[in-house]
Amino acid sequence: MDRGATLREALLKAVAETIDRHAEELTALDQAIGDGDHGINMKRGFEAALADSANLVPKPWPDFLKGVGMTLVMKVGGASGPLFGTFFLTLGKELPAEPGQADIVRAIRAAIVAVQARGKSERGQKTLLDVMIPVVEALEAGEADLTRLVGVANGAVDATKPIRAIRGRASFLGDRSIGHIDPGARSSALMIAAVAQVLKEVA
Ligand code: ADP
Ligand code: MG
């Protein structure tokens, strides 16, 4: 395998593993303010992507990411499936085959804009965007330290607690959504931490 394929395989495995290991926690978070399916939804999606690893990993970055996105759209379900699916599909559309640092940051921003369009949502509504947006802002500001970026993501997860949900199922609870972490925010931070860990290991 070439270097790119080795990295793609490691990233897919690491993300799928962290989602698998935290599936119960994600489910518990979604039980508090949703319908309790977020852990199982995400686990099903990433298990399917991992099962298709031999097909996905040899593809160049754009096709690999589009393949992961399609799998998530088809397998995760719920609100989060199309949203995370859109994220990866757009990353795949926006990235050149041999992306550099600036391409990656620009593609992540484009992917978030696509998620916002799909979810008709913005920052501050207690969703996965409340992690994605602060992290891309840090990247755009030139932050390149992976540990600090993971810190931004984890801080952003905690910061979803006091927010009153105004998108997704949690919004049905109104004020009762206050005081709970958003499940999609937590799964986003888990994925970011897994990616950062792999990138640290190859650096
Ligand atoms: P469902 O809510 O359909 O059961 P999941 O439980 O898998 O789907 O995912 C819930 C997560 O999806 C929430 O925690 C939130 O982060 C995210 N989410 C839901 N609706 C939106 C939206 N309109 N925009 C952005 N994120 C959303
Ligand atoms: Mg749910």
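None of the values given here were measured: they were computed from a predicted structure. (Residues numbered from 1 in each chain as written. Chains lettered and ligands numbered in written order. Predicted model: local features only at pLDDT ≥ 70, side-chain atom pairs only at ≥ 80, totals over all residues. Heavy atoms only, no water.)

**Focus on unusual backbone geometry**
Stage number 1. A positive phi angle, near 50°, is found at Lys-120, a position not held by glycine.
Stage number 2. For Lys-120, the position within the fold is in the loop between α7 (101-119) and α8 (129-140).
Stage number 3. The exposure class assigned to Lys-120 is exposed, which follows from its relative accessible area of 64%.
Stage number 4. In this structure, Lys-126 is a non-glycine residue whose phi angle is positive, near 70°. (Helix = DSSP H or I, 4+ residues; strand = E, 2+ residues; numbered from the N terminus. Buried < 20%, exposed > 50% of the residue type's maximum accessible area, 1.4 Å probe, protein only.)

**Some points on the site of ligand 1**
Stage number 1. Of all residues adjacent to ligand 1, which total 19 residues, the nearest are Ala-79, Ser-80, Gly-119, Ser-121 and Asp-182.
Stage number 2. At 2.9 Å, a side-chain N or O of Asp-35 approaches an oxygen atom of ligand 1.
Stage number 3. Put simply, ligand 1 lies in the second largest pocket.
Stage number 4. Sorting the residues of the shell around ligand 1 by element identifies α3 (38-51), α6 (80-94) and α10 (183-202) as the ones contributing at least two each.
Stage number 5. Considered class by class, the residues forming the shell around ligand 1 number four nonpolar, nine polar and six charged. (Near = heavy atom within 4 Å. Polar contact = N/O pair within 3.5 Å; in protein donor to acceptor, adjacent residues only side chain to side chain. 1 Å grid on protein atoms, 1.4 Å probe; cavity = no way out; pocket = protein on both sides within 12 Å on 5 of 7 lines; lining within 4 Å. Sits in = over half its atoms within 2 Å of the grid points. Nonpolar A, V, L, I, M, F, W, Y, C, P; charged D, E, K, R; others polar.)

**Quick notes on the packing of helix α2 (residues 23-33) against α3**
Stage number 1. For the pair α2 and α3, interaxial distance at closest approach is 6 Å and the crossing angle is 140°. Comparing the axis directions of α2 and α3 gives the class oblique. Residues Ala-23, Leu-26, Thr-27 and Asp-30 of α2 pack against His-38, Gly-39, Ile-40 and Lys-43 of α3.
Stage number 2. Its residues placed into classes, the contact of α2 with α3 shows three nonpolar, three polar and two charged. (Axes fitted to C-alpha atoms, helices over the stretch in contact; angles between N-to-C directions. Parallel < 35°, antiparallel > 145°, perpendicular 65-115°, else oblique. Contact = heavy atoms within 4.5 Å.)

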